[in-house]
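Observations on chain architecture
Next come the chains, spelled out residue by residue.
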Amino acid sequence: MPDTNRVVQRTASVEARVDAIQSAFDERGLKASEAVEELGHLAQEKWIPENGARVVARAWVDPGFRKRLLADGRAAVAELGLAMPRHHRHLVVLENTPKVQNVICCTLCSCTAFTIIGLPPDWYKDLEYRSRVVRESRTVLREMGLDLPADVEVRVWDTTADTRYMVLPERPAGTGEWTEEKLASIVTRDSLIGVARLEAR
Amino acid sequence: MDGVHDLGGRQGFGRVRFTQGATAFHAPWEVRANSLYAHAVRLGLFNMDEYRHAIERMDPRHYLTASYYERSLTSLITLCVEKGVVPAEELERRAGGSIPLASPSAPGRGNASARERLKPGDRVRVKPDSVPGHMRMPGYIRGKAGIVVSETPAYPFPDAHAHGVPSEDEPTYDVRFRSEDLWPGSAEPALVHVGVFQSYLERA
């Protein structure tokens, strides 16, 4: 016999849940809709990989900047007008060489230096990348299109604290005459995460 | 807590669903969810450790099937309910349906009583600590030995900061582990660097 007193309530859609908290904030004077406007703009237009690309291009053409960047990433990116959230107290820049490939991840959640390298792509936050990249990095990189020679050392950096990482990819051969702006145009977010190497194109 | 969020080294997951130039957002609600949680942190309604812990406290079944932004949204709503910002009933009324929340929090803990300043080159071991509350020690380094590479500025201690327990900020150490030590006989060669809080470390 069906229990007629039992109220079966459907789980609200994610959109409806967002609407609920946003409107509840607004009604309490917490200005959620203004924040959505402002932070949505920052997330989509300002916190983008082009920031990291500018940093990389500058490091490629300016040895003094490169040195400062490797010593204190947070201070060096500030020279280019780039800021990081208060809780990201430290930016460590990881230099790739012909024999070293650095790769960043966050196995516990999905942390990144998002104001510098952009908000992380979907795959970075997925269970597959988070579980596998620390244990079978070469296979994961190969599946993602980066087949590293056996003599390249892989260094995986797990973002478990509020220190943030950015990979400094190698400057591709054949770019000696390029302007800083043109150099920046070939630097991809994937290369800043360390799952891709760069080529002149 | 040894939750399902602690994914590093778990076996059985398939290929990374990788596409070149993959986007961070796939729907407008994701942008809003991301902005609202960031706004709540900015307002001081909760801190980042509370935020991360509320994601970890999600029902494992929900955690594993929710998208990243649904996890983020669940944490935001859970913390707003727990802190009395908005009652759950009101949110469910506004949403026109039930809203899954994370499970209640267990107590946190303060810094380790004996903490040592370490320097690059020191050989260290990760303590065998396991706690019911928040911590930022991935399970795969528990009890493992590695080499200190560098020290960071001091950060709030997550095990305390996620629970409102008073604590001192402490540095983290970039510790370099060999993947073969972490998973003997079943890992591909690599160096795995982890930012490890001072309270989690002892000299090896």
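Computed from a prediction, not measured in an experiment: that's the story for all the values here.

How each quantity is defined
- Residues numbered from 1 in each chain as written.
- Chains lettered and ligands numbered in written order.
- Predicted model: local features only at pLDDT ≥ 70, side-chain atom pairs only at ≥ 80, totals over all residues.
- Helix = DSSP H or I, 4+ residues; strand = E, 2+ residues; numbered from the N terminus.
- Buried ≥ 20, exposed ≤ 12 C-beta atoms within 10 Å, placed from the backbone.
- Contact = placed C-beta atoms within 7 Å.
- Pairing = 2+ DSSP bridges.
- Domains from an automatic or database assignment.
- Axes fitted to C-alpha atoms, helices over the stretch in contact; angles between N-to-C directions.
- Nonpolar A, V, L, I, M, F, W, Y, C, P; charged D, E, K, R; others polar.
- Parallel < 35°, antiparallel > 145°, perpendicular 65-115°, else oblique.
- Left-handed = near helix turned anticlockwise from the far one by under 90°.

Concerning the environment of Arg54 of chain A
Residue and element names in this part refer to chain A. Here Arg54 lies in helix 3 (residues 49-61). Given 20 C-beta atoms within 10 Å, Arg54 falls into the buried group. Separated by 62 residues in sequence, Arg54 and Ile116 place their C-alpha atoms 9.6 Å apart. Leave out the neighbours within four places in its chain, and Arg54 touches Leu80 and Ala184.

Comments concerning the pairing of strand 2 (residues 145-155) of chain B
All names here are of chain B. In terms of strand pairing, strand 1 (residues 123-126) meets strand 2 through three bridges, oriented antiparallel. Across the sheet, residue Arg125 finds its bridge partner in strand 2, namely Ala145. Pairing analysis gives six bridges linking strand 2 to strand 3 (residues 170-178), with the strands arranged antiparallel. Across the sheet, residue Ile147 finds its bridge partner in strand 3, namely Arg176.

Details of the domain arrangement of chain A
Domain annotation for chain A reports domain 1 (14-45) and domain 2 (48-193). A straight line from the C-alpha centre of domain 1 of chain A to that of domain 2 of chain A covers 31 Å.

So, the sheet that holds strand 2 (residues 100-105) of chain A
Spatial ordering of the open sheet is given by 2(A)-3(A)-4(B)-3(B)-2(B)-1(B)-5(B), a layout of seven strands whose pairing is mixed. Edge positions in the open sheet fall to strand 2 of chain A together with strand 5 (201-203) of chain B, since each of these has one partner strand only. When the angles between neighbouring strand axes are averaged without regard to direction, this sheet yields 35°. Pairing analysis gives four bridges linking strand 3 (residues 153-158) of chain A to strand 4 (residues 191-197) of chain B, with the strands arranged parallel. Across the sheet, residue Arg155 of chain A finds its bridge partner in strand 4 of chain B, namely Leu191 of chain B.

Some points on the interface of chain A and chain B
With 64 residues of chain A at the contact, the number on the chain B side is 64 residues. Elements supplying a minimum of two residues to the side of chain A that touches chain B: helix 1 (14-27), helix 2 (32-46), helix 7 (122-125), helix 8 (127-132), helix 9 (137-143) and strand 3 of chain A. Residue contributions to the side of chain A that touches chain B peak at 11 residues, all from helix 1 of chain A. The residue inventory of the side of chain A that touches chain B, partitioned by class, reads 28 nonpolar, 16 polar and 20 charged.

What about the domain arrangement of chain B?
All names here are of chain B. Splitting chain B by domain gives domain 1 (1-105) and domain 2 (123-203). One C-alpha centre belongs to domain 1, the other to domain 2; they are set 24 Å apart. In this complex, domain 1 contributes 12 residues to the contact, which on the side of domain 2 involves 15 residues.

Focus: the packing of helix 1 of chain A against helix 5 (residues 88-95) of chain B
The N-to-C vectors of helix 1 of chain A and helix 5 of chain B enclose an angle of 125°; their axes lie 8 Å apart at closest approach. Comparing the axis directions of helix 1 of chain A and helix 5 of chain B gives the class oblique. In terms of crossing hand, the pair formed by helix 1 of chain A and helix 5 of chain B is right-handed. On the side of helix 1 of chain A, the interface is formed by Ala16, Arg17, Asp19, Ala20, Ile21, Ser23 and Ala24 of chain A, while helix 5 of chain B contributes Glu90, Leu91, Arg94 and Ala95 of chain B. Partitioned by chemical class, the residues of the contact of helix 1 of chain A with helix 5 of chain B number six nonpolar, one polar and four charged.

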